[in-house]
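Structure assessment
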Amino acid sequence: MNANKALWEKGDFTRLAATMRESGSALVAKLGITKGLKVLDLGCGDGTTAIPAAKLGANVEGVDIARNLVEAGNARVKAEGLTNITFREGDAINLNDIPDANFDLVVSIFGAMFAPQPLDVAKEMFRVTRPGGRIVMGNWIPGDPTLVAQILKVSSAYTPAPPEGFVSPMLWGVESNVIERFVAAGAQKESISFERETFTFQAPFSPTVFLDTFRKYYGPTMNAFEAAEKNGKEADLQRELEALFESQNQSSDKNTTSIPATFLKVTVLK
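What counts, and where the lines are drawn
- Residues numbered from 1 in each chain as written.
- Predicted model: local features only at pLDDT ≥ 70, side-chain atom pairs only at ≥ 80, totals over all residues.
- Heavy atoms only, no water.
- 1 Å grid on protein atoms, 1.4 Å probe; cavity = no way out; pocket = protein on both sides within 12 Å on 5 of 7 lines; lining within 4 Å.
- Points joined across faces, edges and corners; volume = space filled by probe spheres on them.
- Nonpolar A, V, L, I, M, F, W, Y, C, P; charged D, E, K, R; others polar.
- Helix = DSSP H or I, 4+ residues; strand = E, 2+ residues; numbered from the N terminus.
- Buried < 20%, exposed > 50% of the residue type's maximum accessible area, 1.4 Å probe, protein only.
- UniProt positions renumbered as here; feature names shortened; annotations may be inferred.

The name an unreviewed UniProt entry gives the protein is Class I SAM-dependent methyltransferase, with Dyadobacter fanqingshengii as the organism.

Below, the structure written as structure tokens:
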């Protein structure tokens, strides 16, 4: 079994994606999408950015490693009555069924960053982008004080050391690493640019309930709690994460959640 596939099929990321819709649409609205643009959304989940791109008139192909998320995405497409978007299973490290130079825009927001073999990911993204096209990635930043980086940091203290040769997905949030990977894939260093942007998680329930959503449905957090439980430290992890979620919440209503998280937006011109 592909370990990355197992991780993302383990829970139900759609439960978290439901809190990301507003920011997903806002991000897509700034990408300059026009009718007929060919877009690949890599690590698309159930369509948080792919569906808004299709609604702007792009012809969208969503690819994700998790079968359950692909099925959920196709169900959303059917419910929306969209005919210019499809979702299918695929792996960001090997897009061998996609021809070279096939897309005007390749998007991956908190998706391809979690695939192993980052050099292969960059190579594939660059290969399937047409000359004159763009790649846009959204990547979490290691050590950042906002929510997602801190969840992963806290959780890592409760989980076993990764296997030898493991490359942290958070390195996609380091500009020098991104440059190295895309230059190796064939990009010009001058064609790679960076911005810090914010993705806000919005939920009609408290931060504690929001944490419970991570605990029950987000693969990495599920693994962290399983490891903590084996070591008798489940309550410690719960306490640390509850404090984190409460402190990050910016909603004036304690029964709703609004938590901003900073990410690195990467743009590569081909």
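The structure having been displayed, the exposition proceeds.
Enumeration over the complete set of coordinates arrives at 2 cavities of 30 Å³ or more. Reported here for the largest cavity is a volume of approximately 480 Å³. If you go around the largest cavity, you meet 34 residues; those closest to its centre are F13, G43, I109, F110 and G111. In terms of residue class, the lining of the largest cavity is made up of 22 nonpolar, 8 polar and 4 charged. Reported here for the second largest cavity is a volume of approximately 40 Å³. Contributing to the lining of the second largest cavity are V28, L31, I33, V39, D41, T49, A50, A53 and V107. Put simply, the parts of the chain that give the lining of the second largest cavity at least two residues each are strand 1 (38-42) and helix 4 (50-55).

The next subject is unusual backbone geometry. Despite not being glycine, F110 shows a phi value in the positive range, around 55°. Relative to the helices and strands, F110 resides in the loop between strand 4 (103-109) and helix 6 (118-127). A positive phi angle, near 55°, is found at Q117, a position not held by glycine. Tracing the chain through its elements places Q117 in the loop between strand 4 and helix 6.

All right, on to the environment of G186 then. Along the polypeptide, G186 turns up in the loop between helix 8 (175-185) and strand 6 (192-203). Relative accessible area serves as the criterion here: at 40%, G186 is assigned to the partly exposed category. As for G186 and A122, which are separated by 64 residues in sequence, their C-alpha atoms are 9.2 Å apart.

Here the UniProt-annotated "domain: Methyltransferase type" (unreviewed entry) positions come out as residues 40-137. Across residues 40-137 one finds 31% helix and 31% strand; the C-alpha atoms that close the span lie 12 Å apart.

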